[in-house]
Amino acid sequence: MPEIGLVDVAMRVEEALANRRCDPVAPPINEGVLADRLASYDFAGARPLSAVIDDMLSMLRTYAVRSDHPRYFGLFNPPALPAAIAGDLVGAAINPQLAVWSHAPAAAEIERKLLHLFGALVWPDIQAAGTFTSGGTEANQTALLAALARRYPGWADHGLPNGDRRPAIYASTASHLAWVKLARMTGLGADAVRLVPAEKGLAMRGRALSEMIAADDGFEPVLVVATAGTTGHGSIDDIAGIVEVGRKHHAWTHVDAAWAGAALLHPKRRHWLAGIGQADSVTIDPHKWLSVPMGAGLFLARDWAPLAAAFAVSTSYMPSRSHERRDAYIHSVQWSRRFIGGKLFTALATLGLPGYRALIDRAVCLADRLRAGLAANRWKLMNDTPLPLVCFVPDEGDDDTVRAIEARVVASGQAWISTVRLGERLVLRACITSYESGEADVDALLDALHEARLQC
Ligand SMILES: *Cc1c(COP(=O)(O)O)cnc(C)c1O
């Protein structure tokens, strides 16, 4: 047994959370020192848990870009809400096995309740199918496998047909390149991901998709993807237009709303995702804007049949299956399953829907503050999105200037931002990700940018 209990660990964790604002956002990493610290672990004997936890917390706090920091304005990796951390801890402690409903009815029903809640926001008139996943990549993979199962009824047993036209995925040039990995994993090959030009480098329209499909001899559109909230620029594709084109071609239509899907919880912001209810399936990542610990994805679909077609198997050693209960192992990629929904359940139950709406509003308002501060100080805004992601450039200078400003801001230790290509240009990119970020943090970023520009 450990010499300290979990209460002591929790206290250490709580202290780390309380102090993270004081830690540097992106400390310079000394890999040699890190290697030495790890070299001291030869696992030859036992160490006290307190010492190991202290050391691990110290290493994680020191050797990392601190995406949990309120002045991290980077990719969408928010810090986890305390209630969600607590839910994850309980899930880890009891460790329910969700492969079959009958082994963990409570956990399975909690997940099902959440699935129905999000499903009803997408398709108010039906009870949605779907599963929790490790993240957006697995949710998108589920969409691809369901699409193949529906399009080629023999595929699940005999593999891809040898037709003249290769099965293809259509998504925008600004989509998440998880699609490339998924195309490889399914044997389609990376060039079966047909990247449709996004308008002005941002959102993809139905018309562009239609033109590309028409020009694409030799490819059969099996899956058509609209991205709601691109990683680079936060743009939202023309969901309704894309779904319409996809349907015309009998493709499975999917909305990758890994990040922006959280807006479904907000009645005043839901219209950002107009048209989502026409799609066959949706990806939402609770580990993005819903701020639960990684990994937590959610795959939603209109119906269970394509999932069963893609995943159902039968073994004598598994407890008896229940079609009624939709055993997860025969409707999803995973077999043994962690209780992923538990951390979302505790977060949602403690914040309530109004709490999540406030969290979303807060990020949107902070991004507006950042835009206003930039526009008032000779920065040029480069993207147009309701999401809290701001792309901008100084009013003078080229890509090298942009790179130099990014490097100076990061080196200042005041904030973390990044750069991204937008059409021909490299632009600075700042995304509000932390529920702890406040106006003073945005103002500190503006100050750091101002200083950096003076020096470049
Ligand atoms: C983050 C993201 C993904 C990948 O999801 P993971 O959770 O990182 O696997 C896919 N698509 C979009 C739009 C994303 O934002």
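Computed from a predicted model, the values in this text were never measured in an experiment.

*Asks:* So what's going on with unusual backbone geometry? Which residues, and what values?
*Replies:* Of the consecutive residues Met-294 and Gly-295, the connecting peptide bond is found in the cis state with omega at -15 degrees. By the element assignment, Gly-295 lies in the loop between β6 (281-284) and β7 (297-301). With a phi close to 65 degrees, Arg-378 is a non-glycine residue in the positive phi region. In this structure, Arg-378 sits in the loop between α12 (341-375) and β8 (379-381). The exposure class of Arg-378 is partly exposed, given its relative accessible area of 48%.

*Asks:* I'd like to hear about the packing of helix α5 (residues 105-122) against α12, residue by residue, with values.
*Replies:* Helix packing geometry: the angle between the two helix axes and the distance between the axes. Closest axis-to-axis distance for the α5/α12 pair is 9 Å, and the angle between their directions is 65 degrees. What the angle tells us is that α5 and α12 run roughly perpendicular. For the pair α5 and α12, the sense of crossing is left-handed. Across from Ile-110, Glu-111, Leu-114, Leu-117 and Phe-118 in α5, the residues of α12 making contact are Gly-341, Leu-344, Phe-345 and Leu-348. Counted by class, the contact of α5 with α12 contains 7 nonpolar, 1 polar and 1 charged residues.

*Asks:* Which residues make up the nonpolar core, and what values go with them?
*Replies:* Grouped together as the largest cluster of nonpolar side chains are 119 residues, with contacts concentrated most on Trp-289, Tyr-356 and Leu-449. It is α12 that provides the largest number of residues to this core, a total of 12 residues.

*Asks:* I'd like a rundown of the sheet that holds β8, residues and numbers included.
*Replies:* Strand order in the open sheet formed by 4 strands is β8-β9-β11-β10, and the pairing between neighbours is antiparallel. Across the chains shown, the open sheet's two edge strands, defined by having one partner strand only, are β8 and β10 (418-422). Mean inter-strand twist for the sheet, computed between neighbouring axes without regard to direction, equals 45 degrees. Two elements, strand β9 (residues 389-394) and strand β11 (residues 425-431), share 4 bridges in a ladder whose sense is antiparallel. Each bridged residue has a counterpart across the sheet, and for Val-390 the counterpart in β11 is Ala-430. Helix-sheet contacts for helix α13 (residues 399-412) involve β8, β9, β10 and β11, and the interaxial angle to β11 is about 25 degrees.

*Asks:* How would you summarise the packing of aromatic side chains if you had to cite specific residues and measurements?
*Replies:* Scanning the model with the defined rule gives 7 aromatic pairs in all. For the pair Tyr-329 and Trp-335, a centre-to-centre distance of 4.8 Å together with 50 degrees between the ring planes defines the contact as tilted. Its relative accessible area of 2% is what places Tyr-329 among the buried residues. Looking at Arg-47, its charged tip hangs above the ring of Tyr-41, at a distance of 3.9 Å from the centre.

*Asks:* Can you break down the side chain of Arg-337 residue by residue, with the values?
*Replies:* Within the secondary structure, Arg-337 is located in the loop between α11 (305-311) and α12. No salt bridge is formed by the buried Arg-337; its nearest oppositely charged neighbour, Glu-111, is found at 4.6 Å. There is a polar contact of 2.4 Å between the side chain of Arg-337 and the backbone oxygen of Phe-132. Other than its neighbours up to four places away in sequence, Arg-337 contacts Pro-96, Gln-97, Leu-98, Ala-99, Thr-131, Phe-132, Thr-133, Ala-328 and Ser-332.

*Asks:* Go over the site of the ligand with me, naming the residues and quoting the values.
*Replies:* Taken together, the neighbourhood of the ligand is formed by 13 residues, with Gly-136, Thr-137, Asp-256, Asp-285 and Lys-288 sitting nearest. A distance of 2.6 Å is found between an oxygen atom of the ligand and a side-chain nitrogen or oxygen belonging to Thr-137. For the ligand, a nitrogen atom lies 2.6 Å from a polar atom in the side chain of Asp-256. The protein chains hide 84% of the 380 Å² of surface that the ligand would expose on its own. Split by residue class, the shell around the ligand holds 1 nonpolar, 9 polar and 3 charged.

What counts and how
- Residues numbered from 1 in each chain as written.
- Predicted model: local features only at pLDDT ≥ 70, side-chain atom pairs only at ≥ 80, totals over all residues.
- Heavy atoms only, no water.
- Helix = DSSP H or I, 4+ residues; strand = E, 2+ residues; numbered from the N terminus.
- Buried < 20%, exposed > 50% of the residue type's maximum accessible area, 1.4 Å probe, protein only.
- Axes fitted to C-alpha atoms, helices over the stretch in contact; angles between N-to-C directions.
- Parallel < 35°, antiparallel > 145°, perpendicular 65-115°, else oblique.
- Left-handed = near helix turned anticlockwise from the far one by under 90°.
- Contact = heavy atoms within 4.5 Å.
- Nonpolar A, V, L, I, M, F, W, Y, C, P; charged D, E, K, R; others polar.
- Core = buried A, V, L, I, M, F, W, Y, C linked by side-chain atoms within 4.5 Å.
- Pairing = 2+ DSSP bridges.
- Phe/Tyr/Trp six-rings, centres within 6.5 Å; stacked < 30°, edge-to-face > 60°.
- Lys NZ or Arg CZ within 6 Å of the ring centre and 35° of its normal.
- Lys, Arg positive; Asp, Glu negative; His and termini not counted.
- Salt bridge = Lys/Arg side-chain N within 4 Å of Asp/Glu carboxyl O.
- Polar contact = N/O pair within 3.5 Å; in protein donor to acceptor, adjacent residues only side chain to side chain.
- Near = heavy atom within 4 Å.
- Areas by Shrake-Rupley, 256 points an atom, 1.4 Å probe, with all protein chains shown as cover.

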